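# Working through the structure, step by step
Residues per chain are reported as follows:
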There are 2 protein chains.
Amino acid sequence: MALRHAVLAALLDGEFSGYQLAKAFDVGVANFWHALPQQLYTELARLEKEGLVEGRQVVQETRPNKRVFRVTDTGRDELEKFAASTSKPSFIRDDLLVKVQSADRIGTAQVIEQLDERVAAAEAKIALLDDLLRQMRGDADEEEFLRHGERIGPYLTCLRGVAFERGQRDWCLRIAAVLRERQAAHAGR
Amino acid sequence: MALRHAVLAALLDGEFSGYQLAKAFDVGVANFWHALPQQLYTELARLEKEGLVEGRQVVQETRPNKRVFRVTDTGRDELEKFAASTSKPSFIRDDLLVKVQSADRIGTAQVIEQLDERVAAAEAKIALLDDLLRQMRGDADEEEFLRHGERIGPYLTCLRGVAFERGQRDWCLRIAAVLRERQAAHAGR
DNA sequence: CTTGAGTAGTCACATTCTTGAGTATGATGG
DNA sequence: CCATCATACTCAAGAATGTGACTACTCAAG
């Protein structure tokens, strides 16, 4: 029941349409909450019905019109209440880890390939997020920005995202190396 | 649709009852897949019906009888097929990050408290996993074990778990410090 | 002048996950 | 001896998520 809060939190930075939110959920927000566009549209409709967000039509000439939403005071209260409630421990779900868990009982070759792909994906994500961070902090250096910036929330969650991706990359590199070495040892027998 | 594969992967290490699996999912397996006991019982029943696992009754004297399961050849094939299929990118979902995202627009005090709790939880988890790792590798040192151990899958996923928890802890410490400093600066104005 | 990509959104269905309660037994601690 | 914890498992209901297909418009490249 916290997709709603992720949406509210994302809308704190201004007015967004469902489509724009979907973009945001693909990059920054994905660091802590993953959701498909359909879910966002559904959730926005529900939030509007409950008065937590307000939508208004924006007529566009060169593209389809859109509806943008912003958080109402009621919505802000809801976020406050959510912030005060106890958090559940975060959880990860990762197909690839399931495969690594069984790596030595089944074929490892395919798993190694996927580890390599993951490394590349992680590096791309790191680059993307680093750019995002640079954009957010502007000229200031990080310490400076974190002390005096006025909107640091998204920056902080991006930091977590970068750290996660780095961890992901390093782990994948190491595991791929380990599995390769074992494969070589096995072949040389 | 990968809880089934997580269960199969967990059962590669021997015969387990639903109850025992639930324990495993609470510690080691939780590093890459989180599931409640009820889901495991349901999944085991389904897997048995489809012939991917086989259960047998174990009569116990001092405790309730149990049914333990092991993977069948069909189940092993299914895992192979799964390992060869492309993985979806892993995703995180974390209440606390949602709160941090909106931290500077709502009250931060409660969030700081929760960050502290998270630090403690992460440290406990790290200790637990370090123990688990030590148990798994026995006398050998890590390099040695990873080269020649015969069952390293669970060890590798635990390494990821430890790294994740360390990342979690470090990030929480940093963010809590940042928010505290801003809080102090704000109060001093 | 057509194909493909990007913008903007909707509908319906199916699966999965969570919540909450409940059964039954033996062991442990005060 | 009574309460509580640990083992071992089940059922039902409801909320959240995911999958796939679809509409409609504009712009740019080939």
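Residues numbered from 1 in each chain as written. Chains lettered and ligands numbered in written order. Predicted model: local features only at pLDDT ≥ 70, side-chain atom pairs only at ≥ 80, totals over all residues. Heavy atoms only, no water.

Quick look at the interface of chain A and chain B now. Counting from both sides, the interface comprises 68 residues of chain A and, opposite them, 67 residues of chain B. For the pair chain A and chain B, the summed buried area comes to about 6,800 Å², and 55% of that belongs to carbon and sulfur atoms. Of all residues in chain A, Arg 93, Gln 101 and Arg 160 of chain A give up the largest surface area on contact with chain B, accounting jointly for 12% of the area buried on that side. For the pair chain A and chain B, the interface holds eight salt bridges. The residue Glu 142 of chain B makes a salt bridge to Arg 174 of chain A at a minimum N-O spacing of 3.0 Å. For the pair chain A and chain B, the number of links is 47 residue pairs in polar contact (both at pLDDT 80 or more). Per-class residue counts for the side of chain A that touches chain B are 30 nonpolar, 18 polar and 20 charged. As defined by bridge partners, strand S4 (residues 91-93) of chain A adjoins strand S4 (residues 91-93) of chain B across three bridges and the pair is classed as antiparallel. Bridge pairing in S4 of chain B places Arg 93 of chain A opposite Phe 91 of chain B. (Contact = heavy atoms within 4.5 Å. Buried area = accessible area lost by both parts, 1.4 Å probe. Salt bridge = Lys/Arg side-chain N within 4 Å of Asp/Glu carboxyl O. Polar contact = N/O pair within 3.5 Å; in protein donor to acceptor, adjacent residues only side chain to side chain. Nonpolar A, V, L, I, M, F, W, Y, C, P; charged D, E, K, R; others polar. Pairing = 2+ DSSP bridges. Helix = DSSP H or I, 4+ residues; strand = E, 2+ residues; numbered from the N terminus.)

Once that is clear, we can look at the UniProt feature "domain: Transcription regulator PadR N-terminal" (unreviewed entry) in chain A. The UniProt record annotates "domain: Transcription regulator PadR N-terminal" (unreviewed entry) at residues 7-81 of chain A. The span residues 7-81 of chain A carries 47% helix and 19% strand; its end-to-end C-alpha distance comes to 15 Å. (UniProt positions renumbered as here; feature names shortened; annotations may be inferred.)

What follows covers the environment of Leu 40 of chain B. Residues and elements named next belong to chain B. Along the polypeptide, Leu 40 turns up in helix H3 (residues 37-49). Using a relative accessible area of 0% as the deciding quantity, one classes Leu 40 as buried. A sequence separation of 47 residues divides Leu 40 from Ser 87, and the C-alpha atoms of the two residues are 22 Å apart. (Buried < 20%, exposed > 50% of the residue type's maximum accessible area, 1.4 Å probe, protein only.)

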